[in-house]
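Each chain is listed here by its residues.
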Amino acid sequence: AQKITQTQPGMFVQEKEAVTLDCTYDTSDQSYGLFWYKQPSSGEMIFLIYQGSYDEQNATEGRYSLNFQKARKSANLVISASQLGDSAMYFCAMREGFGTNAGKSTFGDGTTLTVKP
Amino acid sequence: DAGITQSPRYKITETGRQVTLMCHQTWSHSYMFWYRQDLGHGLRLIYYSAAADITDKGEVPDGYVVSRSKTENFPLTLESATRSQTSVYFCASSESSGARYEQYFGPGTRLTVT
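In this text, all values refer to a predicted model and were calculated from it rather than measured experimentally. (Residues numbered from 1 in each chain as written. Chains lettered and ligands numbered in written order. Predicted model: local features only at pLDDT ≥ 70, side-chain atom pairs only at ≥ 80, totals over all residues. Heavy atoms only, no water.)

How would you explain the interface of chain B and chain A if you had to name every residue and give the values?
Frequently, the measure chosen for interface size is the accessible area removed from exposure when the parts meet. Facing 22 residues of chain B, the contacting portion of chain A comprises 22 residues. With both sides pooled, the region where chain B packs onto chain A buries about 1,700 Å², and carbon together with sulfur makes up 53% of that total. The interface formed by chain B and chain A contains zero salt bridges. At the surface where chain B touches chain A, the tally comes to five residue pairs in polar contact (both at pLDDT 80 or more). For the side of chain B that touches chain A, the elements supplying multiple residues, two or more each, are β4 (31–37), β5 (43–51) and β9 (87–94) of chain B. (Contact = heavy atoms within 4.5 Å. Buried area = accessible area lost by both parts, 1.4 Å probe. Salt bridge = Lys/Arg side-chain N within 4 Å of Asp/Glu carboxyl O. Polar contact = N/O pair within 3.5 Å; in protein donor to acceptor, adjacent residues only side chain to side chain. Helix = DSSP H or I, 4+ residues; strand = E, 2+ residues; numbered from the N terminus.)

Next up, the structure:
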């Protein structure tokens, strides 16, 4: 069974600094996708970034990058130059690619990020 | 409006009543999902559907029923609501089952069972 672990319930970062949110995963599948979503206090879920299990390069989307270490089964989100609007809950998720559970996703419990001015 | 919508956005119901949460998407995505999010926690998958008339259980399906007669709609029914089903319910859709496809989420339904 898939499992996502986010060990940091809450994180603080100073505005304009970089922050890393940790995510480790467990799966026996060879093909999977790793995602990060942002949930602001307003409640909506916003897709941020994706990393495929076969991708050799780390994914980047603007100020977001995903530090993918396959051997360690980690997929940490790095936010550069933090902004006050980055304050939110962040979820790491994994999706299976093939087999009977293809398409199913598993989410971690999330990390609440607070950006200080 | 394009996108994925949920109704109602807020619902208060009593223990033992049946309640149906609606989800509608306009993208013709094949996959649809129902999650629940309890206070301070992540999302747990209740049911998902790969296509019309194809549904499957997720992590926490007990007490819930789904149907999908049309691609664009995926209603979730609580047959006899319990206080433990008080939660925020999110519907989501994705284009395909492939691991690279992100999910698009509805705005959520906040359900309170008294």
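Give a description of the layout of surface pockets that names residues and reports values.
For the largest pocket, the calculated volume is near 510 Å³. Lining the largest pocket are 28 residues, with A:Gln39, A:Gly43, B:Gln37, B:Val88 and B:Arg110 positioned closest to its centre. At the level of secondary structure, the elements contributing two or more residues to the lining of the largest pocket comprise β10 (88–96) and β12 (111–116) of chain A together with β9 and β11 (109–113) of chain B. Of the residues contributing to the lining of the largest pocket, the split by class is 10 nonpolar, 15 polar and three charged. Within this model, the second largest pocket holds a volume of roughly 430 Å³. (1 Å grid on protein atoms, 1.4 Å probe; cavity = no way out; pocket = protein on both sides within 12 Å on 5 of 7 lines; lining within 4 Å. Points joined across faces, edges and corners; volume = space filled by probe spheres on them. Nonpolar A, V, L, I, M, F, W, Y, C, P; charged D, E, K, R; others polar.)

Got a sec to walk through the pattern of salt bridges? Specific residues and values, please.
This structure, assessed with the given rule, holds five salt bridges over all chains. Between A:Arg63 and A:Asp86 there is a salt bridge, with the nearest N and O atoms lying 2.8 Å from each other. On the criterion of sequence distance, the pair formed by A:Arg63 in the loop between β7 (60–61) and β8 (64–69) and A:Asp86 in the loop between β9 (74–79) and β10 is long-range, its members being 23 residues apart. Under the relative-accessibility criterion, A:Arg63 is labelled partly exposed at 23%. With a closest N to O distance of 2.5 Å, B:Asp38 and B:Arg44 form a salt bridge. The exposure class assigned to B:Arg44 is partly exposed, which follows from its relative accessible area of 31%. Each member of the salt-bridge network shares a partner with another, and the members are B:Arg36, B:Asp38 and B:Arg44. (Buried < 20%, exposed > 50% of the residue type's maximum accessible area, 1.4 Å probe, protein only.)

Just give me the short version of the nonpolar core, but keep the residues and values in it.
In this structure, A:Leu21, A:Tyr25, A:Trp36, A:Ile49, A:Leu77, A:Tyr90 and A:Leu113 are the most contacted members of the largest nonpolar core, which totals 25 residues. Listing elements by their share of this core, those giving two or more residues are β2 (10–14), β3 (19–21), β5 (32–39), β6 (46–52), β8, β9, β10 and β12 of chain A. Not counting chain neighbours up to four residues away, the residues in contact with A:Leu77 comprise A:Val19, A:Thr20, A:Leu21, A:Trp36, A:Leu48, A:Ile49, A:Tyr64, A:Ser65 and A:Tyr90. Ranked by size, the runner-up nonpolar core spans 19 residues in total, among them B:Met32, B:Tyr47, B:Tyr64 and B:Val66. (Core = buried A, V, L, I, M, F, W, Y, C linked by side-chain atoms within 4.5 Å.)

Take it as geometry only, folks, not as evidence of what the structure does.
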